[in-house]
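Residue-level structure breakdown
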Amino acid sequence: FNTRTLFHFGAGGGGDSGTTVNIAAKDFTEQYIIGEMLAALVSENTDLEVNLTSGITGETTIIMPAMEKGDFDFYAEYDSTAWLTVLKESTITDVEQMHIDLNEAYNDLYDMTWLGYYGFDNGYEIAVRTETAKAYGLKTLSDLVAVSDKMIFGAGYEFYEREDGYNGLQSMYHFNFKEKKEMNLSLKYDALLDGQVDAITVYKTDGRLNYPEIVVLEDDKGYFPPAMCGTIIRNEIAEAHPELVEVLNKLNGAVSNEEMREMNAAVDINGEDPKDVATAFLQRKGLIDK
């Protein structure tokens, strides 16, 4: 994990309050960027010290128990992940109602609150190499089924565990991959382009989807649900620091799919630091000072 502490030096005058809030971020580019956004917002706009832990493998299955224990105070999560992986619900038919039910369940079961959603949808898709798509005439996931016995499929740990992950995908499409690999999400594109795997899970906001060497296949049966990202906070922290909630809410509705994809590309393709990318975005939006 990558852990660092940001010390507050001033909004509202002088020094820190002696209170530290702990933020968690998962182990892929988008989460590194969002984690830095949350940390910068709080550090620049409150008297709280900020401790950010990024790169948490195991993702939700590690972070949620740590949130329950109080090791972390808030983090960015995806609605469908929470609904299907944490609450173990099986389907998503009404997103608006799901958000209402999610918040009620998190309050009742975990004493946590969803503060809102940033505005982008980072749902799953399946991608292959462009040369593979051309060789087999692949345009849809149904097309992939017919040649899946020639393919190696790669995905992160969570995809094989969650309700809207591999088992459900397999039930709908009936793939017959010759091999399935569990991989670090940060390495999936390199593995695809290097030929270690032939098909991978991707997210709609991945910066590397702009690569001409990669093609996203149409989910022609409509299997994958949307994945809206938002902040989950422990109620104890929210009640103790209402100014924190006010600051975090500034991110709600502020990030489009295109903006998130561009930020991911800046890190993954251009090699920029997630902290610099996050800071520049918040400054452009007027959410922190330049």
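A brief report on the enclosed structure follows. (Residues numbered from 1 in each chain as written. Predicted model: local features only at pLDDT ≥ 70, side-chain atom pairs only at ≥ 80, totals over all residues. Heavy atoms only, no water.)

**Some details on the overall build of the protein chain**
Helix and strand content of the protein chain: 13 helices and eleven strands. At 20 Å, the protein chain has a C-alpha radius of gyration in line with the 19 Å of a compact globule built from 290 residues. Principal axes of the C-alpha set define a box for the protein chain whose edges measure 65 × 40 × 30 Å. Each of the 290 residues in the protein chain was classed as buried or not, and the buried ones make up 55%. Long-range pairs, those at least 24 residues apart, make up 76% of the contacts in the protein chain between residues at least 6 apart in sequence. Surface exposure of the protein chain reaches about 12,400 Å², of which carbon and sulfur atoms provide 44%. Charge separation in the protein chain, taken as the distance between the mean sites of 23 positive and 51 negative side-chain charges, equals 7 Å. (Helix = DSSP H or I, 4+ residues; strand = E, 2+ residues; numbered from the N terminus. Rg over C-alpha atoms; globule rule 2.2 N^0.38 Å. Buried < 20%, exposed > 50% of the residue type's maximum accessible area, 1.4 Å probe, protein only. Contact = heavy atoms within 4.5 Å. Areas by Shrake-Rupley, 256 points an atom, 1.4 Å probe, with all protein chains shown as cover. Lys, Arg positive; Asp, Glu negative; His and termini not counted. Charge placed at Lys NZ, Arg CZ, Asp CG, Glu CD.)

**Some remarks on the sheet that holds strand β6 (residues 124-129)**
Sheet architecture is open: five strands sit in the order β8-β7-β9-β6-β10, paired in mixed fashion. Looking at strand neighbours, the two that pair on one side only are β8 (179-182) and β10 (214-217), the edges of this open sheet. Strand-to-strand twist of the sheet, defined as the mean angle between neighbouring strand axes without regard to direction, takes the value 35 degrees. Sheet analysis places β6 next to β10, joined by four bridges and oriented antiparallel. Looking at β10, one finds that Ala127 is bridged to Val216. (Pairing = 2+ DSSP bridges. Axes fitted to C-alpha atoms, helices over the stretch in contact; angles between N-to-C directions.)

**Here's the deal with the pattern of salt bridges**
Per the counting criterion, the structure on display carries eleven salt bridges. Residue Asp121 is joined to Lys204 by a salt bridge in which the shortest nitrogen-to-oxygen separation is 3.1 Å. Here Asp121 is found in strand β5 (residues 112-121), whereas its partner Lys204 is found in the loop between β9 (199-203) and β10, with 83 residues between them in sequence. A relative accessible area of 14% places Asp121 in the buried class. Owing to a relative accessible area of 27%, Lys204 belongs among the partly exposed residues under this scheme. Connected through salt bridges with shared partners, the residues Asp73, Arg234 and Glu236 form a single ionic network. (Salt bridge = Lys/Arg side-chain N within 4 Å of Asp/Glu carboxyl O.)

**With respect to the environment of Arg208**
Structurally, the position occupied by Arg208 is in the loop between β9 and β10. Between the alpha carbons of Arg208 and Val267 there is a distance of 9.8 Å; along the sequence they are 59 residues apart. With near-sequence residues (within four places) excluded, Arg208 lies in contact with Tyr189, Asp190, Ile214, Asp268 and Ile269.

**Structural notes on unusual backbone geometry**
A positive phi is found at Asp111, a non-glycine position, where the angle reads about 55 degrees. As for its placement among the helices and strands, Asp111 is situated in the loop between α4 (95-110) and β5. Despite not being glycine, His174 shows a phi value in the positive range, around 60 degrees. Turning to its location among the elements, His174 is positioned in the loop between α8 (166-173) and β8. Here His174 falls in the exposed class, since its relative accessible area comes to 55%.

**Observations concerning the packing of helix α3 (residues 79-86) against α4**
It is at 10 Å that the axes of α3 and α4 come closest, and there the two elements cross at 55 degrees. In terms of orientation, α3 and α4 fall into the oblique class. The handedness of the crossing between α3 and α4 comes out as left-handed. Across the interface between the two elements, Asp79, Ala82, Trp83 and Val86 from α3 touch Val95, Met98, His99, Asp101, Leu102, Tyr106 and Tyr110 from α4. (Parallel < 35°, antiparallel > 145°, perpendicular 65-115°, else oblique. Left-handed = near helix turned anticlockwise from the far one by under 90°.)

**Section: helix α13 (residues 274-284)**
Helical periodicity: at 3.6 residues per turn, an α-helix aligns residues three or four positions apart in one direction. Among all positions in α13, only Pro274, Val277, Ala278, Phe281 and Leu282 are buried. Projected down its long axis, α13 shows its buried positions confined to an angular sector of 130 degrees, all on one face. Its buried side turned inward, α13 meets α1 (29-45) and α12 (257-268). Two or three places before Lys275, at the start of α13, stands the capping residue Asp273, its side-chain oxygen 2.8 Å from that residue's backbone nitrogen. Two residues or fewer past α13, Gly286 is found with a positive phi of approximately 75 degrees. (Arc of directions from axis to C-beta. Polar contact = N/O pair within 3.5 Å; in protein donor to acceptor, adjacent residues only side chain to side chain.)

**Focus on the environment of Ile23**
By the secondary structure assignment, Ile23 is in strand β2 (residues 20-26). In this structure Ile23 comes out as buried when scored by relative accessible area, which is 0%. Distance in space between the C-alpha atoms of Ile23 and Asp73 is 6.0 Å, their sequence separation being 50 residues. When sequence neighbours within four positions are dropped, the list of residues in contact with Ile23 reads Leu38, Ala39, Val50, Asn51, Leu52, Thr53, Phe72 and Phe74.

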